[in-house]
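Report on the structure
Residues per chain are reported as follows:
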Protein chains: 2
Amino acid sequence: MSGRFSFNQATARDWPLPDLVAGCAAAGVRGIGLWREQAREFGLERTAALVGEAGLAVTSLCRGGFFNHPDWYDDNRSAIEEAAIVDAPVLVLVAGGLPAGSRDLDAARAHVGEAIGKLVPHALATGVRLALEPLHPMFCADRCVVSTLDQALDLVEPYPPEAAGVVVDTYHLWWDDRVWDAIARAGAADRIACFQVADWVTPLPAGALLGRALPGDGCVDLRRFRRAVDSAGYDGPVEVEVFSANVWSRPGPEVLDAALRGYRTHVAD
Amino acid sequence: MSGRFSFNQATARDWPLPDLVAGCAAAGVRGIGLWREQAREFGLERTAALVGEAGLAVTSLCRGGFFNHPDWYDDNRSAIEEAAIVDAPVLVLVAGGLPAGSRDLDAARAHVGEAIGKLVPHALATGVRLALEPLHPMFCADRCVVSTLDQALDLVEPYPPEAAGVVVDTYHLWWDDRVWDAIARAGAADRIACFQVADWVTPLPAGALLGRALPGDGCVDLRRFRRAVDSAGYDGPVEVEVFSANVWSRPGPEVLDAALRGYRTHVAD
């Protein structure tokens, strides 16, 4: 068995969903993180049935957000519905970058909080918890104006914890000396909706997006993060989510095996 | 005239120093930022004479630091001496990344503070002010473990302000919602030793180092930064320092002209 380990399907992007689900079940994995594009492509109800029949639980659906896009409201309404259909308890929100031509970061961040507020009633109605994810500051301009865990906590604070929490992702937060206090704050307020693990390696590739590493292959003290979220009262899944051109070039079963080994050696106690 | 504008030579890396100095003087520029490698190559005394005879002031020398290297002490002693010879009032310190194989960011950061302490007597003896530069968190692993202005301020706090200050660089700090308070803190403690300006554009190139933009070509509210350092009591040079493969491919005089225009339009009042 693999305890709290969950395998995010983005880690083995090109592994067909039925094979990925069978591989996880065979390895004793209990949880799986899904992506909207792949789930829609396979069919939402069909995805839910496949995962459920294999005895797996969906731990999260990625992703809503991108509140700088004109159609953000409709798209996020759809994302919440999709999460409900695949039985994902959590919808991960990536806030989106600055609007084109804007230099007003404060306004963009404030808009994220207001947008979440408009989605909260739908989250409560469906039982899907929104999870705002701070992304590494290198993505601030073009992908996510929410750059620290404290910012994310400030933005969800006006809303009920069962409707709006945060994602703690080691890859995005490892550099921040204030993250330990922020994790304690998040736990005390019952805001930790999702815990994701990836490791940091250099040099960054062009565009910076696909440069993550499997747990243990980089320089992040992953176990310190896992202990910190535990100490803050979080006892949910530990999702390994790695976007990496290098990892994607490897066969799915090998990636799952390496992710499990990295988890056991560098994350779990 | 160009007021407080200073032209960092790294912005036009391949412009020979005599031409760069003549170009700055002809444009009414009063300040120039130097790099150790180029100054040594041209000759330190010869560099000082060239710059002085053109009526320019050296505003900073880049760079010491890299305290994770085994020879950091000797190298930084040399850097301080070199700064004194070229009449640079400020030596910029880039802290260096994690030691090879280490995941202990706290220890690496603490070491930076201790290392600066060992250099302070030499700074006081030569009149060269050390300026610790927080770099963008995307450089935390391999280039600079000091990622925020508050961290830099914490690390120099034990030492006299005339010996140890900080660099405020818009490119590295623009994403941080706490930077405005940190700039006020830095000014109140007389720690702003250097103010550098570059703009942020995406996508980042591989390695992330050479992706900056000239003032006004990106998404940073540069004028807000200049007003913030002014409000904090800083009245020193405003150095345009842009590392960019795109900018380096343009002729030096054109780059200086574009930097001046960007400064006047997007930084100065």
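Our structure's up above, just so we're on the same page.
A few points on the structure. Everything numeric here is computed off the predicted structure, so don't read it as measured data. (Residues numbered from 1 in each chain as written. Chains lettered and ligands numbered in written order. Predicted model: local features only at pLDDT ≥ 70, side-chain atom pairs only at ≥ 80, totals over all residues. Heavy atoms only, no water.)

1. Considerations on the overall build of chain A
When helices and strands are counted, chain A shows eleven helices and ten strands. In terms of overall dimensions, chain A is globule-like: its C-alpha atoms have a radius of gyration of 17 Å, near the 18 Å expected for 269 residues. Projecting the C-alpha coordinates of chain A onto the three principal axes gives extents of approximately 45 × 40 × 35 Å. Out of the 269 residues belonging to chain A, those deemed buried represent 60%. Intrachain contacts of chain A at a sequence separation of at least 6 include 81% that bridge at least 24 residues. By element, 51% of the accessible surface of chain A is carried by carbon and sulfur atoms, the whole surface being about 9,700 Å². Looking at charge distribution, chain A has the averaged site of its 24 positive side-chain charges lying 3 Å from that of its 36 negative ones. (Helix = DSSP H or I, 4+ residues; strand = E, 2+ residues; numbered from the N terminus. Rg over C-alpha atoms; globule rule 2.2 N^0.38 Å. Buried < 20%, exposed > 50% of the residue type's maximum accessible area, 1.4 Å probe, protein only. Contact = heavy atoms within 4.5 Å. Areas by Shrake-Rupley, 256 points an atom, 1.4 Å probe, with all protein chains shown as cover. Lys, Arg positive; Asp, Glu negative; His and termini not counted. Charge placed at Lys NZ, Arg CZ, Asp CG, Glu CD.)

2. Some thoughts on the nonpolar core
Within the largest apolar cluster, 193 residues are counted, with the highest numbers of intra-cluster contacts made by Ile116, Trp174 and Ile183 of chain A together with Ile116 and Trp174 of chain B. Filtering out sequence-adjacent residues up to four positions away, isoleucine 183 of chain A remains in contact with Leu149, Val168, Ile192, Phe225, Ala228, Val229 and Ala232 of chain A. (Core = buried A, V, L, I, M, F, W, Y, C linked by side-chain atoms within 4.5 Å.)

3. Observations concerning the side chain of glutamine 196 of chain A
Residue and element names in this part refer to chain A. Along the chain, glutamine 196 falls in strand β7 (residues 192–197). Take glutamine 196: its relative accessible area is 0%, and that puts it in the buried class. Not counting chain neighbours up to four residues away, the residues in contact with glutamine 196 comprise Asn8, Ser60, Cys62, Val92, Glu133, Val167, Val168, Asp169, Thr170, Glu239 and Glu241.

4. Structural notes on the interface of chain A and chain B
Taken together, the 35 residues of chain A in the interface contact 35 residues of chain B. Note on chain A versus chain B: buried area summed over both sides is about 2,700 Å², and carbon and sulfur give 56% of it. Joining chain A to chain B, the criterion identifies four salt bridges. When the shortest N-O distance is used, the salt bridge between aspartate 106 of chain A and arginine 224 of chain B registers 3.0 Å. Linking chain A to chain B there are 18 residue pairs in polar contact (both at pLDDT 80 or more). (Buried area = accessible area lost by both parts, 1.4 Å probe. Salt bridge = Lys/Arg side-chain N within 4 Å of Asp/Glu carboxyl O. Polar contact = N/O pair within 3.5 Å; in protein donor to acceptor, adjacent residues only side chain to side chain.)

5. Some details on unusual backbone geometry
Residue and element names in this part refer to chain A. In this structure, the amide linkage connecting cysteine 62 to the following residue, arginine 63, adopts the cis form with an omega of -5°. Checked against the element boundaries, arginine 63 lands in strand β3 (residues 57–65). The residue phenylalanine 66 is not glycine, and still its phi comes out positive at about 45°. One can find phenylalanine 66 in the loop between β3 and α4 (72–85). A relative accessible area of 16% places phenylalanine 66 in the buried class. Unlike most non-glycine residues, alanine 208 shows phi in positive territory, near 70°. Inspection of the secondary structure puts alanine 208 in the loop between β8 (199–200) and β9 (212–213).

6. Some points on the environment of glycine 211 of chain A
Residue and element names in this part refer to chain A. Assignment of secondary structure puts glycine 211 in the loop between β8 and β9. Residue glycine 211 is classed as buried on the basis of its relative accessible area, which comes to 7%. In contact with glycine 211, not counting residues within four places along its chain, are Tyr171, Val201, Pro205 and Phe243.

7. Re the packing of aromatic side chains
Residues and elements named next belong to chain A. One pass over the structure, following the stated rule, counts 19 aromatic pairs over all chains. Members of the aromatic cluster, joined through ring pairs, are Phe5, Phe7 and Tyr263. Seen from the ring of tryptophan 248, arginine 13 lies directly overhead, with NZ or CZ sitting 4.0 Å from the centre. (Phe/Tyr/Trp six-rings, centres within 6.5 Å; stacked < 30°, edge-to-face > 60°. Lys NZ or Arg CZ within 6 Å of the ring centre and 35° of its normal.)

8. Re the relation of the copies chain A and chain B
At an RMSD of 0.0 Å, chain A and chain B line up after a rotation of 180° and a shift of 0.0 Å along the axis. Look at the turn and shift together and you get a two-fold axis relating the two. Ranked by how close their C-alpha atoms come to the rotation axis, the residues of chain A are headed by alanine 206 of chain A, at 1.9 Å. Take the interface residues of chain A: 100% of them recur as interface residues in chain B, which is what a same-surface contact looks like. (Least-squares fit on C-alpha atoms with pLDDT ≥ 70 in both.)

9. Here's the deal with the sheet that holds strand β1 (residues 5–8) of chain B
Residues and elements named next belong to chain B. Around the barrel, eight strands lie side by side as β1-β2-β3-β4-β5-β6-β7-β10; this closed barrel has parallel pairing. On average, each strand axis in the sheet is tilted by 30° relative to the strand beside it, whichever way the strands run. Pairing between β1 and strand β10 (residues 238–240): three bridges, direction parallel. Looking across to β10, one finds that serine 6 is bridged to glutamate 239. Where helix α11 (residues 252–266) meets the sheet, it contacts β1 and β10, and its direction lies at approximately 145° from that of β1. (Pairing = 2+ DSSP bridges. Axes fitted to C-alpha atoms, helices over the stretch in contact; angles between N-to-C directions.)

10. Notes on the sheet that holds β3 of chain A
Residue and element names in this part refer to chain A. One closed barrel accounts for eight strands, arranged β1-β2-β3-β4-β5-β6-β7-β10; its pairing is parallel. Put simply, the sheet's adjacent strands are angled 30° from each other on average, direction ignored. The pairing of strand β2 (residues 31–35) with β3 spans five bridges and is parallel. In the strand pairing of β3, glycine 31 is matched with alanine 57. Together, β1 (5–8) and β2 form the strand contacts of helix α1 (residues 17–26), whose direction differs from that of β2 by roughly 160°. With respect to the sheet, α4 is in contact with β3, β4 (90–94) and β5 (129–132), its orientation differing from that of β3 by roughly 175°.

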